[in-house]
Every structure is written in structure tokens, then in C-alpha cells.
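# Examination of the molecular architecture
The chain contents come next:
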Number of protein chains: 6
Amino acid sequence: MTSASTSQTVRADGRAPDELRPVTITRNWLDAAEGSVLVEFGRTRVLCAASFTEGVPRWRKGSGQGWVTAEYSMLPRATSTRSDRESVKGRIGGRTHEISRLIGRSLRAVIDVSALGENTIVLDCDVLQADGGTRTAAITGAYVALADAVTWGKKHGAIKGGKKVLTDSVSAVSVGIIDGTPMLDLPYVEDVRADTDMNVVVTGSGDFVEVQGTAEHAPFNRTELDVLLDLALHGTSELAIIQQLALDEASR
Amino acid sequence: MTSASTSQTVRADGRAPDELRPVTITRNWLDAAEGSVLVEFGRTRVLCAASFTEGVPRWRKGSGQGWVTAEYSMLPRATSTRSDRESVKGRIGGRTHEISRLIGRSLRAVIDVSALGENTIVLDCDVLQADGGTRTAAITGAYVALADAVTWGKKHGAIKGGKKVLTDSVSAVSVGIIDGTPMLDLPYVEDVRADTDMNVVVTGSGDFVEVQGTAEHAPFNRTELDVLLDLALHGTSELAIIQQLALDEASR
Amino acid sequence: MTSASTSQTVRADGRAPDELRPVTITRNWLDAAEGSVLVEFGRTRVLCAASFTEGVPRWRKGSGQGWVTAEYSMLPRATSTRSDRESVKGRIGGRTHEISRLIGRSLRAVIDVSALGENTIVLDCDVLQADGGTRTAAITGAYVALADAVTWGKKHGAIKGGKKVLTDSVSAVSVGIIDGTPMLDLPYVEDVRADTDMNVVVTGSGDFVEVQGTAEHAPFNRTELDVLLDLALHGTSELAIIQQLALDEASR
Amino acid sequence: MTSASTSQTVRADGRAPDELRPVTITRNWLDAAEGSVLVEFGRTRVLCAASFTEGVPRWRKGSGQGWVTAEYSMLPRATSTRSDRESVKGRIGGRTHEISRLIGRSLRAVIDVSALGENTIVLDCDVLQADGGTRTAAITGAYVALADAVTWGKKHGAIKGGKKVLTDSVSAVSVGIIDGTPMLDLPYVEDVRADTDMNVVVTGSGDFVEVQGTAEHAPFNRTELDVLLDLALHGTSELAIIQQLALDEASR
Amino acid sequence: MTSASTSQTVRADGRAPDELRPVTITRNWLDAAEGSVLVEFGRTRVLCAASFTEGVPRWRKGSGQGWVTAEYSMLPRATSTRSDRESVKGRIGGRTHEISRLIGRSLRAVIDVSALGENTIVLDCDVLQADGGTRTAAITGAYVALADAVTWGKKHGAIKGGKKVLTDSVSAVSVGIIDGTPMLDLPYVEDVRADTDMNVVVTGSGDFVEVQGTAEHAPFNRTELDVLLDLALHGTSELAIIQQLALDEASR
Amino acid sequence: MTSASTSQTVRADGRAPDELRPVTITRNWLDAAEGSVLVEFGRTRVLCAASFTEGVPRWRKGSGQGWVTAEYSMLPRATSTRSDRESVKGRIGGRTHEISRLIGRSLRAVIDVSALGENTIVLDCDVLQADGGTRTAAITGAYVALADAVTWGKKHGAIKGGKKVLTDSVSAVSVGIIDGTPMLDLPYVEDVRADTDMNVVVTGSGDFVEVQGTAEHAPFNRTELDVLLDLALHGTSELAIIQQLALDEASR
């Protein structure tokens with residue numbers, strides 16, 4: 001993703017069009033969770049907690065297979081103006097549901113549920129500060145928390161057998177076209193200006209798990225779609241390395 | 001989409017891999033709605049009602065712009081076994097929210113809200129019978145109901161000025177890879193078997209409005225993605241013709 | 001109900017005061033439901049689906065008796081102006097509850113729950129288009145769907161023993177006094193003008209299951225009540241014949 | 001209602017078949033309410049509070065007409081075993097809705113909303129102890145509380161003009177057929193045994209406001225219906241006298 | 001609490017600052033409840049019903065221990081102006097929750113759950129009329145209803161063994177500082193004027209179960225706190241006697 | 001609070017009975033909030049965000065007075081085992097309501113609402129990790145966030161006039177008696193073992209705002225109450241210093 005035309009565009013935060021924001025992954029941010037990560041994509045800050053429990057929901061009992069699910073939420077003042085709590089409103093909004101389901105599907109794509117055995121891992125992704133890309137940061141961080149929870153499960157004997165539970169890693173990034181220029185990892189100010197906005201979830205080996213492209217202002221053609229997919233693959237290949245580096249560090 | 005390899009595959013309902021199910025669009029199925037369509041994709045049957053009201057929600061007043069939104073729902077016995085009503089459960093599920101939002105976004109992609117003026121059109125898409133592809137049938141039918149409601153608005157003087165309100169048509173279709181074969185317009189039995197499942201929303205001129213691809217069982221690579229997109233574009237180009245034919249018929 | 005005085009009144013739709021609207025009962029409107037009927041009383045159109053499941057709610061287990069219940073609902077654009085969905089509002093209105101309970105009671109009046117055995121039949125009555133008399137059309141159609149579901153249960157061995165499950169048929173009709181004239185089967189325009197409005201549920205053998213009379217504008221006396229009951233019995237005797245004719249047709 | 005056959009039947013509480021339970025109406029049971037009555041039909045005890053407020057709901061503003069509405073509820077331990085609170089369950093049951101609506105309609109039948117002017121009266125009917133006939137006791141007591149609230153409104157100048165606000169009185173009673181004998185004012189033990197159960201709301205001048213008859217176990221014929229209506233009219237004529245006597249007493 | 005300074009203050013209702021309102025406790029106000037009390041603190045009137053059921057919630061099964069819990073609620077017209085029902089609003093307010101929990105904790109402080117055995121007693125405290133001190137009246141009355149329910153449990157063999165179930169009595173009273181004068185048992189008019197408001201729950205032997213002091217308008221110092229605690233202990237010692245007198249009366 | 005008997009007690013974390021856990025207050029933890037603090041009492045970690053908005057709720061308009069309110073919540077994995085989200089359950093629990101109200105009252109005790117003018121400050125206190133004392137940490141941190149929001153309001157001209165908005169500081173601490181020893185600032189392991197548990201809210205000048213003492217296992221006497229109050233005042237005097245030190249640091 002280094003075409004002459006885009007390399008000269010200057011973004012508000014000084015990045016090149018194909019450059020990620022600074023990404024940091026802090027493991028073990030919580031004392032009690034079996035896996036926990038504070039992930040930051042620039043100013044976007046998401047706390048991902050993995051809760052490991054033996055047993056599975058009733059509909060899965062006796063299957064020999066585990067279950068991984070996720071819940072996404074945003075603190076009321078994660079955004080520039082305060083929004084009402086969903087617990088106070090008494091109902092969960094469509095956007096929250098949609099993102100929770102996306103995170104869960106993305107993680108299940110790299111889990112071998114038979115190797116996990118009848119155990120459940122719930123990923124809570126709470127956005128502490130939102131500046132665009134909260135769902136992609138959540139997926140990227142949740143994978144690391146999930147990996148730690150799987151390690152915990154093996155260490156504590158809840159996951160039996162030597163089979164590999166995680167078949168691959170998974171990360172996600174947003175891409176969009178702004179004033180004709182395809183850009184990687186959009187902060188809020190870019191997100192609202194994008195004509196086309198795409199969230200792409202990719203495995204460590206470079207295959208797609210989810211492709212969600214939306215024409216915000218104008219439909220997009222096949223060429224634009226191809227450029228955006230290239231850009232996304234470039235971003236997730238970098239994120240996969242950052243995830244691996246974080247997992248290579250000894251736990252505190 | 002007529003490669004030698006796929007043309008010989010036999011589907012349970014006798015279709016070729018790149019063939020749509022029989023599609024019928026019955027306009028004016030309701031007496032009172034400003035636009036209404038009973039759309040059928042094979043056994044999938046969706047009632048799309050467009051309600052035109054003058055005025056817009058409070059947050060849009062004074063903008064000179066209109067608003068189009070959609071609500072999707074499924075009757076309890078649309079499916080092979082009965083499911084509980086969301087009104088009885090007291091909460092709307094994530095899937096319902098997600099599809100309602102998708103339909104709304106798809107229609108707004110082809111509406112010029114300034115030309116619509118401060119009017120609101122609500123599309124109710126109620127699935128009477130579900131056999132896969134309910135969201136794609138809903139989008140395809142809702143566009144026709146929307147077109148009729150726009151015509152109503154012009155005829156009754158609520159939409160003023162000669163500007164074109166609909167900038168293009170829009171339709172949607174599902175595609176998936178089953179046992180290695182890419183297939184168009186999946187009924188329920190195929191949908192549950194697909195490795196990859198994609199819903200694609202396309203304008204009449206062939207641009208993308210939404211691309212939502214999900215790896216159900218195994219991540220998919222770039223080549224598979226490309227084949228699926230080709231297949232989807234083939235399907236939506238046929239749907240665009242069917243929509244136009246329906247709209248060309250004189251209303252009763 | 002052919003007194004000289006009323007036979008000369010002209011109704012807006014050309015009917016005589018003691019005449020039903022055109023009634024049509026289309027069986028097997030759905031592919032999957034164990035019984036399903038699209039019933040029409042003039043423009044009022046209700047989809048009645050009967051879902052047969054083996055087993056009964058917990059409180060009835062071990063009783064040897066079955067259970068029949070009903071849920072009534074209206075699509076948002078069934079009416080001349082759109083109304084909000086109860087699933088979106090998060091609560092079911094009093095009117096919906098009241099009619100669901102009425103339909104359930106009416107059907108249970110003709111079911112021998114011991115002959116049904118420990119099976120449950122749920123009747124979903126969804127109003128697709130409303131023009132007065134939706135609850136009476138729902139009861140009339142639901143009976144036919146119920147009869148089909150009972151036949152299904154016998155054919156599939158879920159209902160054992162040769163005992164008659166349905167002890168009688170049941171249908172319902174509305175009656176009212178408009179400008180001093182008692183009238184049968186009121187469409188919406190007549191319903192809102194009626195001084196007294198009565199819904200009467202009657203068995204095939206002519207006994208009452210429910211009598212619900214309400215003084216909308218002025219209390220009514222004993223004579224008026226008697227005339228309305230006569231008129232209702234006249235209507236339900238015709239409906240019983242229409243139900244029987246529908247059931248006599250071979251299923252597709 | 002004094003046929004030889006029924007006068008000899010002995011009821012569990014020693015009453016004749018056509019005899020009301022002891023009825024007491026205690027006015028001004030609350031200090032603050034504009035009208036309040038503790039009404040007792042035997043052991044059934046309902047607190048009826050009328051709240052008078054100037055102004056009407058938005059949809060009625062400018063009409064010059066007032067509004068009367070009612071809410072019915074039951075304390076958790078009003079019954080022989082405790083039932084869960086609807087506030088705890090988070091939703092109002094169908095039965096509660098149905099009875100609230102019935103009470104409201106019954107009272108509106110004797111109110112001249114134009115004479116009331118743009119004022120609202122809300123009747124809260126809370127069942128403190130339930131032993132059958134709670135809805136009929138509620139209507140009977142609520143009328144007296146309503147009358148007191150109307151008097152309050154006139155005295156405090158909120159109701160202007162000399163027009164009569166209450167056009168008649170209204171009371172209600174239950175009747176049923178038990179083992180072939182028609183009986184008046186059923187306590188719980190009789191209510192559960194009744195084949196047919198009817199609640200009848202009647203004005204002081206003897207006209208019907210509501211007739212709600214339900215076949216609990218077996219459909220009923222025209223003759224039975226007629227006998228029950230006679231019995232109900234006999235009961236409500238006595239209740240009308242008891243209401244008048246209560247209103248004739250000087251307020252404390 | 002008989003300091004010279006306070007004994008001369010005249011309260012609106014003629015009481016001395018350290019004087020309770022007239023307190024009456026009417027037992028067996030309901031026919032069916034295992035214990036029931038109508039308690040009055042002046043105009044404040046609370047119906048306390050104790051429901052005894054054998055068995056305990058699932059999380060307590062097999063523990064050999066019983067459970068006591070409470071629910072507090074207020075009728076809509078208990079107050080000087082009508083408030084909306086929580087069942088209608090669909091959610092329980094924070095104040096209701098808080099007081100329900102307080103009553104439950106207060107009663108559990110004097111219950112030996114092992115002596116109670118695996119039985120559950122639910123206390124429903126419904127405020128029929130509110131004039132300040134509803135939570136303290138509720139606790140005081142609920143104790144008496146609880147004592148009657150325990151007696152019922154022993155008499156009917158549900159509570160086995162001779163161990164004492166109630167280890168002490170418990171009552172509660174409010175105190176506050178108004179214009180510099182500490183006062184006991186505040187009615188509504190005093191409550192709203194108090195700078196500091198405290199609810200104190202005390203056992204029959206004079207120990208504290210709960211102390212809840214709140215600075216309504218100005219923080220309070222240690223001396224004021226001490227004076228209020230003295231005053232509260234004076235009040236609860238009187239309430240303990242009134243409770244005992246009520247329990248000494250033979251049940252009807 | 002340095003009596004010989006308690007100074008020798010060894011707590012699990014090595015503290016003396018009258019010693020606070022390490023307390024840290026990190027200001028400006030969020031970029032967008034007008035005031036924000038990450039407060040830590042040992043392992044308890046609460047994010048307090050103050051949102052300043054011009055204007056007040058409708059019921060306060062035209063009063064010239066501002067409004068301060070608070071919402072408390074806990075992330076699902078703040079605790080040692082995961083708890084369900086209140087947004088998913090669809091209702092806010094009693095404990096959450098109770099603590100939200102307590103925080104709001106505590107802050108309002110040190111705010112001069114007239115000096116604040118018609119502005120609203122909402123404090124969101126989200127517990128990221130819970131190890132006892134979450135409500136006291138929340139109050140202590142929220143005060144600092146509130147102070148920053150007030151400074152913001154003055155700097156941006158929303159708070160007019162030179163009057164002091166904050167009349168004092170406020171902090172809170174828990175105290176309890178464990179095995180006969182009064183202890184300050186209880187972590188979770190001590191909290192569950194405490195016989196008596198008290199939360200005390202105190203101003204910077206040493207006056208009480210709230211005193212909430214609860215006998216968890218055994219009622220407590222006056223002497224115990226006095227010792228606990230002494231201990232609490234000792235703790236809050238230290239917290240007041242820590243708050244001031246945090247506020248003295250220059251903002252980043």
C-alpha cells in the first residue's frame with residue numbers, strides 16, 4: 001500500500017495513509033481475570049477481560065465442545081459528549097448488539113471448540129475511551145486476552161489433552177476512503193468524513209474472517225473495494241506481529 | 001458466472017449454482033400503505049410496507065432533509081419451529097436490530113434526502129415465511145415499496161420540486177461457498193451448510209452499498225472473496241431488472 | 001334477522017344490516033406450520049398459524065392433559081396510519097393481551113384437553129390488514145388452523161387414542177347498533193360510530209362461549225341486547241358453515 | 001330472582017342464591033385523596049382513590065372535555081398464596097390491564113366529559129384482600145370515590161358551570177351458574193366452580209354498560225344467559241341503593 | 001431526651017420534641033396471611049403481610065437455614081399528590097429498592113436462620129398512606145407480622161425443634177434536627193425541613209442494627225450525631241414496648 | 001486511633017488496623033471529560049468522569065441553581081468471578097441504585113448550587129476492579145473530578161460570578177469490626193468477615209455528610225459505634241490531604 005499518490009497525503013495526526021496509530025497492548029491489567037488486556041489504538045482505549053469458567057451453556061452440554069462469546073460496551077464518558085448508560089435506558093442498543101456479535105464470531109473463527117472442551121470463555125470488551133476503531137481494537141485486544149485465558153485453562157487442568165486450542169491469531173482494522181484517498185485505521189475525525197468505511201477481520205495467516213464494508217455517503221466500486229482490502233491486509237499483518245510480541249513477554 | 005466446474009453442480013432445488021430462486025414482487029398488497037410489496041424469493045415471503053408521513057424526527061427539523069428508516073421483524077411461525085415473539089420477551093434481539101439497520105442504510109444509499117424534503121418514510125419488513133435470504137428479499141422488496149411511496153408523495157404534493165428523489169435502485173442477494181462451490185441466493189438448507197456466507201447490497205448501476213462476508217466455519221481467502229463478489233453482482237443485476245419490471249406495471 | 005325495518009337500510013359497502021362481509025378462508029398458507037389459515041372478513045386479513053409441539057408447560061406435566069393458547073398481534077401498517085411495534089416499545093399493550101386471552105379461551109371451549117393428551121398447540125394470529133373485526137376473524141380462522149393441527153397430531157401419532165379432540169367448532173362475529181339499526185360484522189367505519197359494540201363467540205351447535213358487550217356512547221337496554229344476540233347467532237351460524245366448507249376441501 | 005327451585009339452595013356462607021354478600025362502603029379512608037373509598041364485598045376489600053387534577057392529557061387539550069381513567073392492582077398478599085409484584089416482574093399482566101380498562105370504561109359511561117371540563121380524574125383501585133368479585137367491588141366503590149372527587153372539583157372551582165357531571169350512577173356484580181344454580185356475587189370458592197361466569201356493569205337506571213360472559217367449563221345457552229342477566233340486574237339495583245346511602249352520609 | 005431547651009419547643013401537631021406520634025398496631029388485618037399488621041405512626045399507615053412458605057431459594061437449599069426478605073411499595077395515592085405506579089413505569093425506583101433492602105436486613109438481624117430451618121418468610125410492606133417515617137413504621141410493623149408468621153410456622157409443624165427463632169425484637173424510628181432542635185419521629189412537614197435526617201433501627205435490648213444519617217442541607221457534627229442517637233434510642237425503647245403489648249393480645 | 005490493643009493486630013496485607021491502603025489519584029485519565037480521575041484504594045480501581053453541561057433538567061429550569069448527580073456501575077469482570085451486566089439484565093439492581101444515590105448526595109453536600117448556576121455536572125463512577133470500598137473510593141475520587149469540572153466551568157465562562165462553588169471537600173472511608181478489632185478501609189476479604197460495617201462520608205472540615213452503619217452478623221452497641229466513628233474520621237482526614245495534594249499538582 002505504498003502508491004505514489006497516497007504516500008504524500010498528510011493526515012491530521014501526521015500519519016501516512018497506510019500507517020496504523022500507535023498500538024499498545026498491556027497484559028494482565030486486572031488481577032482476577034484469567035486473561036486481561038488494556039489495548040490502545042491511539043486514543044482509543046479498550047479493556048478486554050477474559051473470564052474462564054468450566055462448563056458450557058445448557059444447549060451445549062454433552063457435546064464435548066466449548067463456547068466463546070463476547071460482550072462489548074462503552075462507558076458513558078468514553079466519547080466527547082456523555083451518552084446515557086444502556087443499563088439506565090433498560091435496553092441494549094442495536095450497535096452494541098452488532099459489535100458484541102462481531103467480536104464473538106471473530107474469536108470463534110480461530111478457536112477449536114473441541115480442543116477447548118466443555119469450558120466457556122466470555123470476553124468483556126469495555127471501551128474506556130473512544131476515538132474511532134473501538135470494535136477493531138476490541139477484537140485485536142480480546143484475542144490476546146483469550147490466548148492468556150486458554151493458557152490459564154491448560155495450566156489449571158481445565159483444558160485437557162495436548163491439542164492446540166487456538167488454530168490461528170486474529171486481529172482487525174478499519175479502512176476508509178476520505179476525499180478519494182484510502183486510509184488505514186481511522187480515528188473519529190476521519191471516520192465521520194469517510195465515504196466508504198470498512199472493518200476487516202483477518203487471521204494471522206492472512207485469511208478473511210469478516211469483511212464489512214458500508215457506503216456511508218456514496219456507493220463504492222470494485223476497484224475501491226480492492227484497494228481497501230489491500231490496505232486492511234497490510235494493517236492486520238502488522239497487528240498480528242504486535243499481538244505476538246505482547247504474548248512473548250513474560251507475564252508479570 | 002458460468003465456469004464449467006460449477007455449471008454441473010446439482011442443487012437440492014434443481015437450480016444451477018448461479019441461478020436465483022423464482023422471485024415475485026406483488027405491489028399494493030395492502031390497501032392503506034403508501035407503498036406495499038409482498039416479495040418472494042422462493043419460499044421466503046416478506047411483506048414490505050412503506051409509510052409516508054410529512055415531517056421529520058425532532059433532531060432533523062429545519063434541515064430541509066427527509067428521513068428513511070426500516071424495521072425488520074419475523075412472525076413467530078415464519079420458521080420451521082415456532083420462536084417467541086420479541087414483544088413478549090420485552091426486548092428486541094441483536095439479529096433483528098442488525099438487519100433493521102442494514103435495510104435502513106441500504107435504502108438511504110439511493111435516496112436524495114434533500115429532494116425528499118422534510119418527509120419521513122418508514123419501511124416495515126415483516127417476514128411471513130423464512131427460508132433463507134430474508135434480509136436480502138426485504139431490501140429488494142423494500143426498494144419497490146419505497147419507490148411507490150415516493151410516487152405517492154409527489155402525487156399528493158408532499159414532495160415538492162422536480163428533483164429526483166431516488167438516485168438509483170438497490171437490491172441484495174446472498175452468496176456462499178458450499179462444499180467448495182460458490183452458490184447464489186441460498187435457501188435455509190444451504191445457508192446452514194455454507195463455509196462462507198456473504199450478503200451483498202448493490203445499486204442498479206452495479207456499485208456496492210454493503211458487503212458483509214462472514215467465515216462461518218473456515219476463514220476465506222482473497223480468491224474466494226472475488227468469486228463470491230462476481231456471483232453476487234450477477235444476481236443483483238437480475239434483481240434490478242425484476243424490480244424495474246414490477247415498477248413498470250400499472251398500479252391497480 | 002330479517003325484520004322489515006332493517007332490511008331497507010343501506011350500508012356504505014352495500015350490505016344488508018344482517019349480512020356478513022365476504023369471508024374467505026385459505027388453508028395451508030404457510031409451508032411449515034402444522035395448521036395455517038389466511039382468513040379474510042372483507043378487507044380484514046389475519047394470518048393464523050397453529051404450532052403443534054409435544055409436551056406441555058411445566059405446571060401441567062403429568063396431568064395427561066394438553067394445552068391450547070393464543071397470541072394476537074398486529075403488523076405496524078395493518079392500520080390506516082402506522083402504529084409503533086410493541087417489540088420496539090418493549091411492552092405489550094392492554095388491548096393485545098385482552099384479545100390474546102379471548103382467542104385462547106374461545107378455542108379451549110371446544111377442545112377436550114384429555115383427548116389432546118400432553119401436547120401443546122399455540123395459535124399465532126397476526127393481523128396483516130385491519131378493517132374492524134380483527135378479533136372475530138382471528139377466532140374464526142384460528143379454529144380452522146387448530147383443526148388442521150389436531151389432524152396433523154393424529155396423523156403423526158402425537159395424539160393417541162380415538163377420542164374426539166374437538167368437541168365442537170367455534171366462530172365469532174361483531175354486532176353493533178348504529179343510528180338505531182342493529183348491524184352485523186362491522187368494518188372500521190361502522191365500528192367507530194356504533195353506540196353499542198358486542199363481540200360474540202358461539203359454538204357450531206349455537207351455544208355461547210363469550211358475550212362481550214360494551215356501551216361505547218350510551219348504555220343499552222335489555223331489548224337492544226336481545227336483538228344484538230339474535231343477529232350475532234345468525235352470523236355465527238353462517239360462519240360455522242364457511243368453516244366446515246373450508247375443512248371439507250382436500251389439503252393441497 | 002326468587003324462583004322456588006333456587007331459593008332453597010344453601011351456599012357455603014349461608015346466603016340465598018340471589019343474595020349479595022355484606023357490602024360496606026367507607027368514604028374518606030385517605031386524608032389527601034379528593035375522593036376515597038374502602039369498599040368491601042364480604043372479605044373482598046378494595047381501596048379506591050380518586051385523584052383530581054386540573055388539565056388533561058396532551059391529546060385532549062383544547063377539546064373542552066375532561067378525562068377519567070382507572071388503574072387496578074392487587075397487593076401481593078391479597079390472595080391466599082402470595083403472588084409476585086408486577087413492579088418486580090417489570091411488566092403488567094394481561095388480567096390487570098383488562099380490568100383497569102373495564103373500570104375506566106364503566107366510569108366514563110356515566111360521566112359527561114364536557115361538563116367535567118378540562119380536568120382529569122384517575123381512579124386507583126388497589127385490592128387489599130381478594131375473595132372473588134374484585135373488579136365488581138372496584139367499579140362499585142370507584143363510582144362513590146368519583147362522585148366525591150367531582151364534588152371536590154365543584155367546591156374548589158375547578159369544575160365550572162352548573163351542568164351535571166355525573167349522568168347516572170354505576171355499579172357491578174358477578175353472577176354464575178354453579179351445579180345448575182344461578183348465583184349472585186360469587187366469592188372465590190364459588191367462582192372457581194362456576195360453569196359460566198359473568199360480570200355485569202349496570203347504571204342506576206338499569207341499563208347495561210358492560211356484559212362480559214365467559215363459558216369457563218361448558219358453553220351456555222340463551223336461557224341461561226337470560227337468567228343470569230336477571231340476577232345481575234337484581235344485584236346492581238341493590239348496589240345502587242347502597243351507593244346512594246353512602247353518598248347521603250355527611251362527609252366527616 | 002428531656003433537656004430543658006427542647007422540652008419547650010412546640011411542634012405543629014402539639015407533640016414534645018422527644019414524643020412519638022400515636023402508634024397503633026392492628027394484628028391479623030388480613031385473613032389469609034400467616035402474619036399481618038396494619039401499623040400506624042400518626043397518619044402514616046402501612047400494611048405489613050408476612051407470607052410463610054416451606055422451602056428456600058435455590059442458592060440456599062441444603063444449608064439447613066431459612067430466609068427472610070422484604071418488599072416495600074407505596075400505593076399511588078398514598079401521598080398528597082398522585083405518583084405513577086412502578087409497575088406501569090416498568091421499573092422499580094432506587095428509593096424503593098433501598099428501603100426494601102433495609103427492611104430485609106433489619107429483620108434478618110433478629111432471626112436465627114438455623115432455628116427457622118429451610119423456610120422462607122416474605123414481608124410485604126405496602127404504604128397505604130404516607131406522612132413521613134414510612135420505612136420506620138414498616139420495620140416496626142413488619143417485626144410483629146414476622147413474629148406471628150414464626151408462631152404460625154411452629155404451630156403448623158413447618159418450624160421444627162424448640163430453638164428460639166427470634167433472638168430479639170427490632171423497631172425503627174426517624175430523628176432529625178429542625179431549626180436547631182433535635183426531634184423524634186418526623187411527619188412529612190418536618191422531614192422536608194430537617195437539616196439532618198437519621199433513621200435508626202434498634203433491637204429490643206437497645207443495640208443498633210442500622211444507623212443511617214444524612215446531611216440534607218448542612219453537614220452535622222459529632223455532638224449533633226450523639227444527641228440524635230440518644231433521641232432515637234429513647235423512641236425505639238417505647239416502640240419495643242408497644243410491639244410487645246400488641247403481641248401479648250390474644251389473636252382473634 | 002492508636003490504642004495499644006489494636007496496634008499489634010496484623011492484617012493480611014500487613015497494615016495496622018488504623019491504616020489506609022495505598023491511595024493514588026490520577027487526574028485527567030480521560031482526554032475529553034471536563035474532569036476525570038482514576039482513583040485506587042489498594043486494588044480497588046474506580047474511573048470517575050465528570051461531565052459538565054450547560055443547562056439543568058426541566059424541573060430545575062429558571063431556579064438559577066445547578067445540579068450535580070452521579071451514576072455508579074461495575075464492569076462485569078471487576079470482581080473475582082464475572083457478574084452479568086445490568087444492561088443485559090435490563091434492570092439496574094438495588095445496590096447500584098443505592099450507591100449512585102449516596103455518591104450524588106455526598107457531592108451535593110459540598111456544592112453551592114446557586115454559585116454553580118444553571119449548569120449540570122454528572123459524575124460517572126465505573127469500577128474497573130473491585131476489592132472492597134468501591135463506594136468510598138468512588139466518592140473520594142469523584143470529588144477531585146468534580147473540582148476539575150468546576151474549574152473547567154469557570155475557565156470556559158459557563159460558571160459566572162466569583163462565588164465559591166465548592167464549599168468544602170468530601171471523602172469517604174469504610175470501617176468495620178473484625179474479630180473484635182475495629183479496622184479502617186476494608187478490602188474484600190475483611191469486608192465479608194466484618195460483624196459491623198460502616199461507610200462514613202466526611203467533609204474536609206471534619207463534619208459528617210453520611211453515616212451508614214449496618215450490623216452484618218450481630219447488632220452493635222454505642223461504644224462500638226463511637227470507636228468506629230473515631231476511626232473513620234481519622235481515615236477521612238488523611239484522604240482530605242491526599243485529595244488536596246492531587247489537586248495541587250499542575251494538570252498535564
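Residues numbered from 1 in each chain as written. Chains lettered and ligands numbered in written order. Predicted model: local features only at pLDDT ≥ 70, side-chain atom pairs only at ≥ 80, totals over all residues. Heavy atoms only, no water.

Now for the overall build of chain A. A count of helices and strands for chain A gives seven helices and nine strands. Relative to the compact-globule value of 18 Å for 252 residues, chain A shows a C-alpha radius of gyration of 18 Å, a close match. Across its three principal axes, chain A shows a C-alpha extent of roughly 55 × 40 × 35 Å. Looking at chain A as a whole, 60% of its 252 residues qualify as buried. (Helix = DSSP H or I, 4+ residues; strand = E, 2+ residues; numbered from the N terminus. Rg over C-alpha atoms; globule rule 2.2 N^0.38 Å. Buried < 20%, exposed > 50% of the residue type's maximum accessible area, 1.4 Å probe, protein only.)

Residues and elements named next belong to chain E. Among the secondary structure elements, Lys 160 is positioned in the loop between helix H5 (134–155) and strand E6 (170–178). Owing to a relative accessible area of 61%, Lys 160 belongs among the exposed residues under this scheme. Along the sequence, Lys 160 and Asp 124 sit 36 residues apart, while their C-alpha atoms lie 25 Å from each other.

Attention shifts here to the confidence of the model for chain A. Overall, the prediction assigns chain A a mean pLDDT of 93, with 96% of residues at 70 or greater. This prediction of the complex comes with two scores: 0.88 for pTM and 0.91 for ipTM. (pLDDT = per-residue confidence, 0-100.)

The next point concerns helix H7 (residues 222–248) of chain D. Residue and element names in this part refer to chain D. For H7, spanning 27 residues, the distance from its first C-alpha to its last is 39 Å, which sits close to the expected 39 Å at 1.5 Å a residue. Of the residues making up H7, those classed as buried are Leu 225, Leu 228, Leu 229, Leu 231, Ala 232, Gly 235, Thr 236, Leu 239, Ala 240, Gln 243 and Ala 246. Looking at where H7 begins, the residue whose side-chain oxygen comes 3.2 Å from the main-chain nitrogen of Thr 223 is Asn 221. (Expected span 1.5 Å × (residues − 1). Polar contact = N/O pair within 3.5 Å; in protein donor to acceptor, adjacent residues only side chain to side chain.)

Glancing now at the relation of the copies chain F and chain A. For the pair chain F and chain A, the superposition axis carries a translation of 0.0 Å, the fit reaches an RMSD of 0.0 Å, and the rotation angle comes to 180°. Within this description, the copies of the chain are treated as partners about a two-fold rotation axis. Nearest to the rotation axis, the C-alpha of Ser 87 of chain F is located 1.8 Å from it, this being the minimum over chain F. (Least-squares fit on C-alpha atoms with pLDDT ≥ 70 in both.)

Here the focus is the pattern of salt bridges. Following the criterion strictly, the structure yields 126 salt bridges over all chains and no others. Taking the shortest distance from any N to any O, the salt bridge between Arg 21 of chain C and Asp 185 of chain C comes out at 3.1 Å. With Arg 21 of chain C in the loop between helix H1 (4–7) and strand E1 (23–27) and Asp 185 of chain C in the loop between strand E7 (181–184) and helix H6 (188–191), this pair connects stretches of sequence that are 164 residues apart. Exposure remark for Arg 21 of chain C: the relative accessible area of 5% places this residue in the buried category. Between Arg 27 of chain F and Asp 148 of chain F there is a salt bridge; the shortest N-O distance is 2.9 Å. On the criterion of sequence distance, the pair formed by Arg 27 of chain F in strand E1 (residues 23–27) and Asp 148 of chain F in helix H5 (residues 134–155) is long-range, its members being 121 residues apart. Take Asp 148 of chain F: its relative accessible area is 10%, and that puts it in the buried class. (Salt bridge = Lys/Arg side-chain N within 4 Å of Asp/Glu carboxyl O.)

All names here are of chain F. Pairing is mixed in the open sheet, where five strands are placed in the order E1-E2-E3-E5-E4. Each edge of the sheet is formed by a strand with only one pairing partner; in this case those strands are E1 and strand E4 (67–74). Between one strand axis and the next, the sheet turns by 15° as a mean value, whatever way the strands run. With 10 bridges joining them, strand E3 (residues 44–54) and strand E5 (residues 119–129) adopt antiparallel strand pairing. Bridge pairing in E5 links Ala 50 to Leu 123. (Pairing = 2+ DSSP bridges. Axes fitted to C-alpha atoms, helices over the stretch in contact; angles between N-to-C directions.)

So, on to the environment of Arg 85 of chain D. Locating Arg 85 of chain D in the fold gives a position in the loop between strand E4 (67–74) and helix H2 (86–89). Arg 85 of chain D sits in the buried class, given a relative accessible area of 8%. Arg 85 of chain D sits 19 residues away from Gly 66 of chain D along the chain, and the two C-alpha atoms are 31 Å apart. One polar contact links Arg 85 of chain D to Asp 124 of chain E, side chain to side chain, over a distance of 2.9 Å.

Below, the discussion takes up the interface of chain A and chain B. The partner chain B presents 28 residues to the 28 residues of chain A that form the contact. Around 2500 Å² of area is buried between chain A and chain B when both sides are counted, 51% of it from carbon and sulfur atoms. A per-residue breakdown of the area chain A buries against chain B is headed by Glu 98, Phe 208 and Arg 222 of chain A, which together make up 24% of the total. Where chain A touches chain B, the interface holds six salt bridges. At the level of secondary structure, the elements contributing two or more residues to the side of chain A that touches chain B comprise helix H3 (94–108), strand E9 (208–215) and helix H7 (222–248) of chain A. Ranked by residues supplied to the side of chain A that touches chain B, first place goes to E9 of chain A with eight residues. Taken together, the residues of the side of chain A that touches chain B sort by class into 11 nonpolar, eight polar and nine charged. (Contact = heavy atoms within 4.5 Å. Buried area = accessible area lost by both parts, 1.4 Å probe. Nonpolar A, V, L, I, M, F, W, Y, C, P; charged D, E, K, R; others polar.)

Residues and elements named next belong to chain A. Under the criterion given, the structure shown has 18 aromatic pairs over all chains. Ring centres of Trp 59 and Trp 67 lie 5.0 Å apart, and the angle between their planes is 80°; on these two criteria the pair is classed as edge-to-face. Assessed through its relative accessible area of 57%, Trp 59 is described here as exposed. Using a relative accessible area of 19% as the deciding quantity, one classes Trp 67 as buried. (Phe/Tyr/Trp six-rings, centres within 6.5 Å; stacked < 30°, edge-to-face > 60°.)

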